[in-house]
Amino acid sequence: MKARNNPFATWRLEQLQYRLDGPDWNELLGRFDRLGRRAALVGVHGSGKTTLLDEFAARFRQQGMHVCSFRLTQDEPDFGKTLDGVKSSGLGRNDIVLLDGAEQLNRSRWQKFLQFTGSAGGVLITMHRAGRLPTLYECRTNPRLLASLMEELAGGFEWPAARNAAELFHKHRGNVREALRELYDVFAEG
Amino acid sequence: MHDGADNMGATGGNDNGPLVLRASYSRLGKAIGSFLFAGFWNGIVSIFVFHLIRGAMRGAFEWLLAIFLIPFVLIGLGAIVFFIHSLLGIFAPRVVITLSARRIRLGDPVELNWEFTGRVQVIEKLNICLEGCEEASYRRGTSTATDRHIFARVQLITSSDLNDIRSGHTRLQLPSNSVPTFTARSNKIVWNLRVNGVIRRFPDVADTFPINVLPAAPMEADA
Amino acid sequence: MNEIRIGTKDEQTAFRPGELIEGAIGWNLPEELRAIEVRLGWQTRGKGTEDAETVNEIKFDDPPAQGARPFQFVAPDQPYSFSGKLISVIWFLEVRVRPKGATARKDIIIAPTRQEVILGAPAPSE
């Protein structure tokens, strides 16, 4: 199968909407306000934290807020030059800071980050475990979710081999993103 | 990526003159690096091992410490083996590849010459091939993963004859129905010349030379 | 009716490197427009994070609400349109309207044989 036709290509995974389990968006945004607009999205690897954070960004923009987004990874665990531009102009009540991968910051850098964002209108981070900020939402996965995503992405395709969502889910220990990537390879070989 | 970019590890004269390829990494550097790591790691681990042995000789064997040290000792032993392997690799024969043209285009024939220096007689079998590889990088949690897939492999020479192994030449022709070198941030097409020399009871010669492949020469316009 | 169209001469959608890509754009939009851009670019699709590049662009400033304009690009010599197991490169023509950002797009092929190169496919017989 050609890479561009693969139903599990990265661009298709990135278009998946996060499926809230429990509260709806109004409730979540209300909860964020009640938490003083300083909160965290918590969840294991591949549970959709980044996807959910991106959807929060879109909603904050719809509200007329200015969103400053940062993504920290093992390869780039610090802000580097990206923070300088924001520092020079300062943060105000209309700014919301989104930080994906807050666990990459050690304690002293985290304290600096808190100081830097003190004047911002809101801060929302992602973490693998609860702790640094109150938990706004915990991203959870289950085999049913994986099966539903598989259907959404490749329901109309002829599957090269039978795939059991529960088996795949447990093989990847709940990491839905890795389970979907394995399915890329299944279709690529087929 | 620009037309006519130099090939890595390459030296050469004029724009379309011969291209000389040498392995870009240093075997000596690799051996020194592995020595430093093995020395540092085993130096620290040995302090605890020494303490453990001294305790055992006094009749007070610390089981918990012993179990805790197992993985560290295993890593240390692995580091020593890697260092020895790297050290032996310094004495392995070296190859220099010369291509007849600096600008290598899809579909165009290129003469390839190789020459080994050093203890060539220890090489039992030589294999030189050209590989085209897709490389796709993506986010995996908080790190980046890169998948690779070899889509083309052109066998250039396989020989067990010492005269052929010592030096020789062959013709290399990149498939005309393929793609040139492509470099983007997360997606790449790379072409490599791979030289593998099998040496019994010794690290093999395993060198990779990336080459920059340009698009095919423009075709004649349709009538 | 809001409409943006992009078409190529003789409906040609496959080109050799160096060939002329000729076409025209047409639009019928209710609002005032600041500019209309026609772009030639490529993007990757597949297992890797998407890469994209705009290789050439023509801009029409202060266009009327309805109109048409011709465009012309020279097909670059690389990258080729290709598909492998992990990566596809797709060339496209795109019209973008400012300030609203509405778009229209047409995928094209740029390759020596005017056909997408399939990586790993056997070589054609002589």
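Structural data are supplied above this passage.
Residues numbered from 1 in each chain as written. Chains lettered and ligands numbered in written order. Predicted model: local features only at pLDDT ≥ 70, side-chain atom pairs only at ≥ 80, totals over all residues. Heavy atoms only, no water.

## So, the overall build of chain B
Here is the rule: In DSSP terms, a helix is any run of H or I states spanning at least four residues, a strand is any run of E spanning at least two, and both are numbered starting from the N terminus. Every accessible area reported is derived by Shrake-Rupley at a probe size of 1.4 Å, with residue values counting cover from the shown protein chains alone.
When helices and strands are counted, chain B shows 3 helices and 12 strands. When the accessible surface of chain B is totalled, it reaches about 12300 Å², and 61% of it is carbon and sulfur.

## Digging into the interface of chain C and chain B
We count it as follows: Residue contacts are defined here by distance: any two heavy atoms, one from each residue, within 4.5 Å place the two residues in contact. By convention in these notes, a salt bridge is any Lys or Arg side-chain nitrogen within 4 Å of a carboxyl oxygen on Asp or Glu. Each residue gets one of three labels, nonpolar for Ala, Val, Leu, Ile, Met, Phe, Trp, Tyr, Cys and Pro, charged for Asp, Glu, Lys and Arg, and polar for the others, Gly among them.
Opposite the 26 residues of chain C that make contact, chain B presents 28 residues. Put simply, chain C and chain B have 1 salt bridge between them. Two residues, aspartate 147 of chain B and lysine 47 of chain C, come together in a salt bridge whose shortest N-O distance is 2.6 Å. Looking at the side of chain C that touches chain B, the elements with two or more residues in it are strand S4 (35–46) and strand S8 (87–98) of chain C. In terms of residue class, the side of chain C that touches chain B is built from 14 nonpolar, 6 polar and 6 charged.

## Describing the environment of isoleucine 32 of chain B
Along the chain, the position of isoleucine 32 of chain B falls in helix H1 (residues 27–57). Placed 185 residues apart in sequence, isoleucine 32 of chain B and alanine 217 of chain B show a C-alpha to C-alpha distance of 45 Å.

## Brief notes about the sheet that holds strand S1 (residues 38–43) of chain A
All names here are of chain A. What counts is decided by this rule: Any two strands between which DSSP finds at least two bridges are classified as paired. The angle between two axes is taken between their N-to-C directions and runs from 0 to 180 degrees, where each axis is a line fitted to C-alpha atoms and a helix contributes only its stretch in contact.
The sheet built from 5 strands is open, its strands ordered S2-S3-S4-S1-S5 with parallel pairing. The sheet is open, and its two edges are formed by strand S2 (66–71) and strand S5 (135–139), each paired on a single side. The sheet shows a mean angle of 15° between the axes of neighbouring strands, direction not considered. Both strand S3 (residues 95–100) and strand S4 (residues 122–127) contribute to a ladder of 4 bridges, which runs parallel. If you follow isoleucine 96 over to S4, its bridge partner there is glycine 122. Contacts from helix H3 (residues 49–62) reach S1, S2, S3, S4 and S5 within the one sheet, and its direction differs from that of S3 by about 170°.

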